[in-house]
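As a plain string of letters, each chain reads:
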Amino acid sequence: MKIAISIDIGGTNTKIALVDESGQILKKSTFLTWTGNSKNAFFDHLFSTINELVSPETFHQIVGVGIDAPSCVPAEGIIKGASNLPLKGEIPIVDILAIKYKKPVFLCNDANAAALGEGQFGNAKGMKNFVVVTLGTGLGAGIIVNGQVMTGYSGLSGEMGHITAIRDGRQCGCGRKGCLETYISATGIKRNFLAQLAQTQIKSCLDDLTLNKITAEKIGIAAKNGDPVAIKSFEFGGKILGEHLANYVHLFEPEAIILAGGLAAVGEILFTPTINTLFENLLPNYIDTVQVLPSALGANEAALLGASTLVFNKKEPCQQP
Ligand SMILES: [Zn+2]
């Protein structure tokens, strides 16, 4: 059996899995990306977690390592300028892992990995034109056009989270203002919620929580339980997302838009305002050509599975040492 080590580096968690060619996750583990707060601590955790998963007998079945991360340059094999990771400057992650494990190592952007996973194993199986919008700490997009991942000139395409949603709007972590992810992402939903709370006399069941105890997950649960302020937070974010997805459909005409990531798990509270606004803003010709779907893969597994396809398919967007 051939096995890939898949590594999904996120702003909150880093997930590692052993995946076979059929997309079966054989073993899986997670650690907090910021534990130790430094590059060295991150790699110590990464190596020790891999050691726990890979027994000496398994090691000879490993055919490669697939990594996905935000802020990476796949063609150079580096992570660069990552504001959400304890990996500052330029980190030659492909070389570091290739030297450590003496196996081929492949790297791609996290949202592109999610798109590869959905395309091979998920709801976009068999589709040649689709987009996967990942709604996590931030917002990313993996774009598949004519069966190929759209990487852009150097692998940086798909930064949908930093499209300007509202001119001179909220301050974004990237330094700009009004970026889409400041309105719709886990952090965006929290900001929507606090803004709604400041504007209304209506009570929320989360009123008594201190600021750092309020999370997108809790707002999602409150919304499902009928909390009006929480519901409005998702309506506001969903409408902004729907408008931008309409722009996207006019440009690329995808067969499907898949909303993936932790925030999308809230379901129809987010999907309904997003889909309604999308279709309100579409030219009539497009209305029957596009569908909005949830991810069919397990919680946040799309990117892990996508990273494994880099190893097994050994094609762009990859970096082989
Ligand atoms: Zn931004």
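Sequence positions are assigned chain by chain, starting from 1 and proceeding in written order. Owing to the predicted nature of the model, reporting of local features is limited to residues with pLDDT of at least 70; listing and counting of side-chain atom pairs is limited to 80 or more, with chain, interface and lining totals taken over all residues. Each side-chain value is worked out from all heavy atoms of the structure, with water and hydrogens disregarded.

1. Concerning the packing of helix α4 (residues 110-121) against helix α9 (residues 302-313)
No. 1: Running from N to C, α4 and α9 point in directions that differ by 80 degrees, and their axes come no closer than 6 Å. Classified by the interaxial angle, the pair formed by α4 and α9 is roughly perpendicular. Of the residues in α9, those touching α4 at Asp-110, Ala-113, Ala-114, Leu-116, Gly-117, Glu-118, Gln-120 and Phe-121 are Ala-302, Ala-303, Leu-305, Gly-306, Ala-307, Thr-309, Leu-310 and Asn-313.
No. 2: Classifying every residue of the contact of α4 with α9 gives nine nonpolar, five polar and two charged. Angles run from 0 to 180 degrees between N-to-C directions of axes, and those axes are lines fitted to C-alpha atoms, restricted for helices to the stretch in contact. Helix and strand assignments come from DSSP, with helices taken as H or I runs of at least 4 residues and strands as E runs of at least 2, each series counted from the N terminus. Any angle between 65 and 115 degrees counts as roughly perpendicular, while under 35 counts as roughly parallel, over 145 as roughly antiparallel, and the rest as oblique. Residue contacts are counted whenever heavy atoms from the two residues lie within 4.5 Å of one another. Each residue gets one of three labels, nonpolar for Ala, Val, Leu, Ile, Met, Phe, Trp, Tyr, Cys and Pro, charged for Asp, Glu, Lys and Arg, and polar for the others, Gly among them.

2. Remarks on the pairing of strand β4 (residues 62-69)
No. 1: Relative accessible area decides the class of each residue, using a 1.4 Å probe on protein chains only: under 20% of the type maximum gives buried, over 50% gives exposed, and in between gives partly exposed. In terms of residue burial, β4 counts as a mostly covered element, since seven of its eight residues are buried.
No. 2: One requirement defines pairing of two strands: DSSP has to find at least two bridges between them. In the sheet, strand β1 (residues 3-9) pairs with β4 via six bridges, with the strands oriented parallel. In the strand pairing of β4, Ala-4 is matched with Gly-64.

3. A few points about the domain arrangement of the chain
No. 1: What fixes the domain bounds is an automatic or database domain assignment. Annotation of the chain at the domain level lists domain 1 (3-109 + 303-313) and domain 2 (123-294).
No. 2: Distance from the C-alpha centre of domain 1 to the C-alpha centre of domain 2: 27 Å.
No. 3: In this complex, domain 1 contributes five residues to the contact, which on the side of domain 2 involves four residues.
No. 4: Note on definitions: buried area is the accessible-area loss of two parts on being combined, 1.4 Å probe, summed for both. Regarding the contact of domain 1 and domain 2, the summed buried area is about 420 Å², with carbon and sulfur atoms giving 43% of it.
No. 5: Note on definitions: salt bridges are taken to be side-chain nitrogens of Lys or Arg within 4 Å of carboxyl oxygens of Asp or Glu. Linking domain 1 to domain 2 there are zero salt bridges.
No. 6: N or O atoms within 3.5 Å of each other form a polar contact, as long as, within protein, one can give a hydrogen and the other can take it, and as long as residues adjacent in sequence are counted only when both atoms are side-chain atoms. Viewed at the interface, domain 2 and domain 1 are joined by one residue pair in polar contact (both at pLDDT 80 or more).
No. 7: For the side of domain 1 that touches domain 2, the per-class residue count stands at three nonpolar, two polar and no charged.

4. Notes on the sheet that holds β1
No. 1: Spatial strand order, β3-β2-β1-β4-β8: five strands in an open sheet with mixed pairing. Every interior strand has two partners, whereas the edge strands, β3 (25-32) and β8 (105-109), have only one. Put simply, the sheet's adjacent strands are angled 15 degrees from each other on average, direction ignored.
No. 2: Contacting β1, β2 (13-20), β3, β4 and β8, α9 crosses the sheet at an angle of about 135 degrees to β4.

5. What about helix α7 (residues 228-252)?
No. 1: Counted at 1.5 Å a residue, the expected span for α7 with its 25 residues is 36 Å, and the 35 Å between its end C-alpha atoms agrees.
No. 2: Between the side-chain oxygen at the start of α7 and the backbone nitrogen of Val-229 there is a gap of 3.2 Å, and the oxygen is on Asp-227.
No. 3: Note on α7: the residue one or two positions beyond its end, Glu-253, has a positive phi of about 45 degrees. Expected span of a helix, by definition, is 1.5 Å for each gap between consecutive residues, and there is one gap fewer than residues.

6. Let's talk about the sheet that holds strand β11 (residues 148-149)
No. 1: Pairing within the open sheet is mixed, and its five strands lie in the order β11-β10-β9-β12-β13. With partners counted over all chains shown, the strands left at the sheet margins are β11 and β13 (291-294), one partner each.
No. 2: In this sheet, β11 lies alongside strand β10 (residues 139-145) in antiparallel orientation, the contact comprising two bridges. Along β11, the bridge assignment pairs Val-145 with Gln-148.
No. 3: In the packing of helix α8 (residues 268-280) onto the sheet, contacts are made with β9 (130-135), β12 (256-260) and β13, and the angle to β13 comes to roughly 165 degrees.

7. Description of helix α6 (residues 216-224)
No. 1: Turning to α6, its buried residues are Ala-216, Ile-219, Gly-220, Ala-222 and Ala-223. Down the axis, α6 shows its buried residues gathered within 165 degrees of arc, on one side only. Of the exposed residues in α6, the ones pointing more than 90 degrees away from its buried face are Glu-217 and Lys-224.
No. 2: Against α5 (186-199), α7 and α8 lie the buried residues of α6.
No. 3: The positive-phi residue at the C-terminal boundary of α6 is Gly-226, with phi of around 95 degrees. The reported arc concerns the directions from the helix axis to the C-beta atoms and nothing else.

8. Concerning the pairing of β12
Here is the key point about a regular strand: its side chains alternate between the two faces of the sheet.
No. 1: For β12, the tally of buried residues reaches five of five residues, placing the bulk of the element in the interior.
No. 2: Going residue by residue along β12, you find Ala-256, Ile-258 and Ala-260 tucked away on one face and Ile-257 and Leu-259 tucked away on the opposite face as well.
No. 3: Bridging between β9 and β12 involves five bridges; their strand directions are parallel. Paired with Thr-134 across the strands is Ala-260, a residue of β12.
No. 4: Pairing of β12 with β13 involves four bridges; the strand directions are parallel. Of the residues in β13, the one forming a bridge with Leu-259 is Pro-294.
No. 5: We call a crossover right-handed when, viewed with the strands running away from us, the connection from the first strand over the helix to the second turns clockwise. The handedness of the β12 to β13 crossover, carried by α8, is right-handed.

9. A few points about empty space enclosed by the protein
No. 1: Here the term cavity refers to a set of points on a 1 Å grid, laid over the protein atoms alone, in which a 1.4 Å probe fits but cannot get out; the term pocket refers to an open set having protein on both sides within 12 Å along at least five of seven lines, with lining residues being those that place an atom within 4 Å of a point. Grid points are joined across faces, edges and corners, and a volume is the space filled by probe spheres set on the points. Enumeration over the complete set of coordinates arrives at one cavity of 30 Å³ or more.
No. 2: In this structure, the largest cavity occupies an estimated 40 Å³ of space.
No. 3: Together, Gln-196, Thr-200, Ile-202, Pro-228, Val-229 and Lys-232 line the largest cavity.
No. 4: Residue contributions to the lining of the largest cavity peak at three residues, all from α7.
No. 5: Its residues assigned to classes, the lining of the largest cavity shows three nonpolar, two polar and one charged.

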